[in-house]
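Structural overview for review
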Amino acid sequence: MMSRAIPCLFFVIAMSVSACANDSATFSDDQIAFFNADVVELLTNKCLKCHAGESPKGELDLTTRAGIMKGGESGSSVDLKNHAESHLLTAINYESFEMPPNGQMSPGQIETFTSWVKMGLPWPKDLQEIKVEQKPGSPIVNDDTKNFWSFQPVQQPGVPQVADAGNNAIDGFIRHKLTAAGLQPSPSAQPRELVRRMHYNLLGLPPEPADVERWVARISGADGKLSQAGVAELVDHLLASPHYGEQWGRHWLDLVRYAETNSYERDGAKPHVWRYRDYVIQSFNDDKPYDQFITEQLAGDEIREPTPDSIIATAYYRLGRWDDEPADPKLAFYDEIDDIITTTSQTFLGLTLNCARCHEHKIDPIPQRDYYRMVAFFRNVRRYGVRGNESVLNASVTAIDRPADPDIYRAALTRYENETKDAERHLKKIEELIRDDLQDVEKEDFQFDMNRVPIVAKREGTILKAPQVKTYRKQFSRLQQLKANKPSGLADALCVKEDVRNIGPTHILTRGNPHAEGEEVTPGFPSVLSPPEAVIPDLPEGATTSGRRRVLAQWLASPANPLTARVMVNRIWQHHFGRGIVRTSSDFGFQGSRPTHPQLLDWLAAKFVESGWSVKDIHRLIMSSAAYQMSSRPNTHSHDVDPTNDLFWRFNMRRLSAEEIRDSLLWANGSLNSAKMFGPSIYTDIPAAVKAGQSRPGSGWGNSSPEDKVRRSVYIHVKRSLLDPLIESFDFADTDQSCPVRFVTTQPTQALGMMNSDFIQQQSDIFSRLLQQKADTAEEQVTLALQRVMQRQPKPGEVARGLKLIDTLKTEQKLNDDQARKYFCLVALNLNEFMYLD
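Scoring rules and cut-offs
Each chain has its residues counted from 1, following the order in which its sequence is written. With the structure being a predicted model, the display of local features is reserved for residues of pLDDT at least 70 and the display and counting of side-chain atom pairs for 80 or more, all residues being used for whole-chain, interface and lining totals. Note that water and hydrogens are dropped before the side-chain values are worked out from all heavy atoms of the structure. For helices, the fitted axis covers only the stretch in contact; all axes are lines through C-alpha atoms, and the angles between them, taken along N-to-C directions, range from 0 to 180 degrees. Helix numbers and strand numbers start at the N terminus; a helix is a DSSP run of H or I with at least 4 residues, a strand a run of E with at least 2. For classification purposes, an angle smaller than 35 degrees is called roughly parallel, one larger than 145 roughly antiparallel, one from 65 to 115 roughly perpendicular, and anything else oblique. Note on convention: near helix rotated counterclockwise from far helix by under a right angle means a left-handed crossing. Clockwise means right-handed. Two residues qualify as a contact provided that any one of their heavy atoms is within 4.5 Å of a heavy atom in the partner residue. Residue polarity is assigned by list, with Asp, Glu, Lys and Arg as charged and Ala, Val, Leu, Ile, Met, Phe, Trp, Tyr, Cys and Pro as nonpolar; anything else, Gly included, falls into the polar class. Here the expected span of a helix is defined as 1.5 Å times the quantity of residues minus one. Residue exposure (1.4 Å probe, protein chains only): buried if accessible area is under 20% of the type maximum, exposed if over 50%, otherwise partly exposed. What qualifies as a polar contact is a pair of N or O atoms within 3.5 Å, subject to a donor-acceptor requirement within protein and to the restriction that residues adjacent in sequence count only when both atoms come from side chains. Throughout, nonpolar core names a set of buried Ala, Val, Leu, Ile, Met, Phe, Trp, Tyr and Cys residues whose side chains join them through atoms within 4.5 Å. Each residue gets a pLDDT score, which is the predictor's confidence in that residue and runs from 0 to 100. Only one rule defines a salt bridge in this text: a Lys or Arg side-chain nitrogen within 4 Å of an Asp or Glu carboxyl oxygen.

**Thoughts on the packing of helix 32 (residues 778–790) against helix 34 (residues 817–828)**
- Packing of helix 32 against helix 34 brings their axes to within 10 Å, and their N-to-C directions diverge by 25°. In this view, helix 32 runs roughly parallel relative to helix 34, as classed from their interaxial angle. Once helix 32 is placed against helix 34, the crossing between them reads as right-handed. Facing helix 32, whose interface residues are Q781, V782, A785, L786 and V789, helix 34 presents R821, F824 and A828.
- Counted by class, the contact of helix 32 with helix 34 contains 6 nonpolar, 1 polar and 1 charged residues.

Following this line, the structure appears as structure tokens:
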């Protein structure tokens, strides 16, 4: 980003006549030759895409010398006396303006322009103007840019023919490239490895020991190969588990920057936001068609028959940060819209539209105008709130046709009654002061709410002081808000709302400045994708929404959209293989990575749409392929040729995610409460030293019951300023922006947390007690521990090492049996085989 407030892409370098400049100047033949040989080409390639034609940007026409000398709308920028001060030269040197905005010229090109200015701008007398072919639309959107691979319609390619076709069409695409590179795919993973891989991939949990044995028998073929019928059965079994939605819903929550608080200093809680998390989990469990999933989140309140779920889905708009006391409210509004544009374009389209907020996109063919045409779809969305909790309830919460949880309803009703009594107490105290002063007609009028504040306000300066009147206004408004939001016994949901009474125009904002409105624009889609026109419906009588977001959702969810299906199947592939066919899974633009297997990506995208946008069908396709079932073990030749595994010659080993590590710890020691799903988020134990890092230590962090504290990690309260330490240290998603890929770091806090934290010490102690209950001898206890940690039968040597460790702790460290067993459990929970997935 630029470090100063300066005009960008289509903003003008204005030039005007300086004191000694005139068009009657004469130039030598060498100067004219210099212009013809070097300057014309630079002007054409670097400047005239914007500054030519009937409406040159900023009214600056660079096709004639007269136009250059006249300048544009921003004043003088060429000084033929003091050349170094010419804005033209400071602009191309990126010292003031930044021209051209899509990348600075080379030193040689800058020197050419500098010499031209020093010569006095030589120009052939017989050259009226430089001819430029003008095409409709933005100069950065043209036939060449539209031909980029990701902007082309999805076409289902034929499957390449290879000698060993593998299990399905995916293998044809993978093995075709391997053969061309002279590589062979790795052999199949061992059945036990594959069972563990598939459980973590789909559920985020390890398999029970008995399940491992049962499924190993089912997927082991008589010929030593994997039984594909058994594999398919296992895939269907896992996809039917309710825990599938918990695992894959969490992937989606990363993308939409899910958090349950507002950030900034107060970092207050978002009311009822957990319903959105539950909606996502249930949607994945139900295999909700992806096009419907998109539509409900973007326009669930605008569909023909809204449902409680579709209303809850629109909390998508309320997941971002909220500044409840902005220095510039108008800027804050556009910042929030920008957050929606950023998340929507990157999550659904894999495009960084947000980079065109202040200027033309510097890399991709996305004009600034296209950015603001997208803003127009969301321009009417009400802010999350204005100031304080009451404004949030008014702007972002509604009752839905679903019974509230009885305990939550009783608590809300009690809170309502207490707050109502408090507001009435304040009002009564002031009303008592004016009661004897009221005239008879005023006493009658005072019975009506609309008259109470004016009658009280009349006494300001006589019976009442100004602060008392101010207090009365505030408490009266508070009481009205309470009455309007009295708990109804129905569930409340965080959702989107619009203000259709005040639909304003959308303008291009110069340099992204909300106080510098430019051209007015209407809703529209990114032009580089050759989309249809956005047809906005007329507002019917009594409409509560504009219908604009539904138009956007329908285009995004259309099979004709070239990006939507590609982006989603790439994400599914990423979470199976550790990286996408396009590594930059939220950037399918010019700066993003090219697909390593473009035909495979298109084939999957076409199949996705053909299946009715079924995510589970794509799982079945991928997991039934030989590519997915390969071993992660390397071989020297393939590693030398393709060390980054671009060609997928083996399966990529990975470390468990933060949530998988915590859930597996609780699962291993038998304490995981996986049966309880959904509902308000839970609070884990966080050390006081960690809470001390908040502006108000411990604020907003509750104390859940022991049963709730051991629920799955997806249900932990996500507070932006205070995350669970173990979850945070193992690279939890960035909650401030869309997170397409979690970084995998190795850092000291991870080892310290896994060895010394109160949490790991407690879990090791629980694990030790489980072993004592389930097994009698030390050998049986060690065997059981390793079996639960590694999901396989330990080898005799591994058991012997465990027993030796326990004996050493007892003899050398003088620990008793319970203590030694606890520390053995601590070591077992830190084994690589526990932390990593083959």
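**Overview of helix 6 (residues 169–180)**
- In this model, helix 6 (12 residues) spans 17 Å end to end at C-alpha, consistent with the 16 Å of a helix rising 1.5 Å per residue.
- Every buried residue belonging to helix 6 is among A169, I170, D171, G172, F173, I174, R175 and L178, and all of these are buried.
- Residues of helix 6 that are buried make contact with helix 22 (564–577), helix 23 (598–610) and helix 24 (615–623).
- A distance of 3.0 Å separates the backbone nitrogen of I170 from a side-chain oxygen at the start of helix 6, and that oxygen is part of N168.
- Taken from the residues just after helix 6, G182 is the one with a positive phi, measuring 75°.

**So, the side chain of S310**
- Tracing the backbone shows S310 in helix 13 (residues 308–313).
- A residue is classified by how much of its surface remains accessible, and S310, at 0% relative accessible area, is buried.
- Looking at S310, its side chain comes within polar contact range of the main-chain nitrogen of T307, at 2.8 Å.
- With sequence-adjacent residues up to four places away left out, S310 is seen in contact with E296, G300, D301 and I303.

**What about the nonpolar core?**
- Formed by 171 residues in total, the largest nonpolar core has its most connected members in W252, Y276 and W573.
- The contact partners of W252, leaving out residues within four places of it in the chain, are Y276, V280, F284, Y290, F293, Q297, T347, F348 and M568.

**Focus on the confidence of the model for the protein chain**
- Predicted confidence across the protein chain gives a mean pLDDT of 90, with 94% of residues reaching 70 or more.
- Long-range and interchain partners of residues 1–22, a stretch whose pLDDT sits below 50, account for 85 contacts in this model, where long-range means more than four residues apart.

**Regarding the pattern of salt bridges**
- In total, this model carries 53 salt bridges according to the counting rule given.
- A salt bridge links D685 to K709; its shortest N-O distance comes to 2.8 Å. Remark: K709 occurs in helix 28 (residues 706–709) and D685 occurs in the loop between helix 26 (658–668) and helix 27 (688–691); sequence separation between them is 24 residues.
- One network of salt bridges, in which partners are shared, links E246, R662, D663 and R712.

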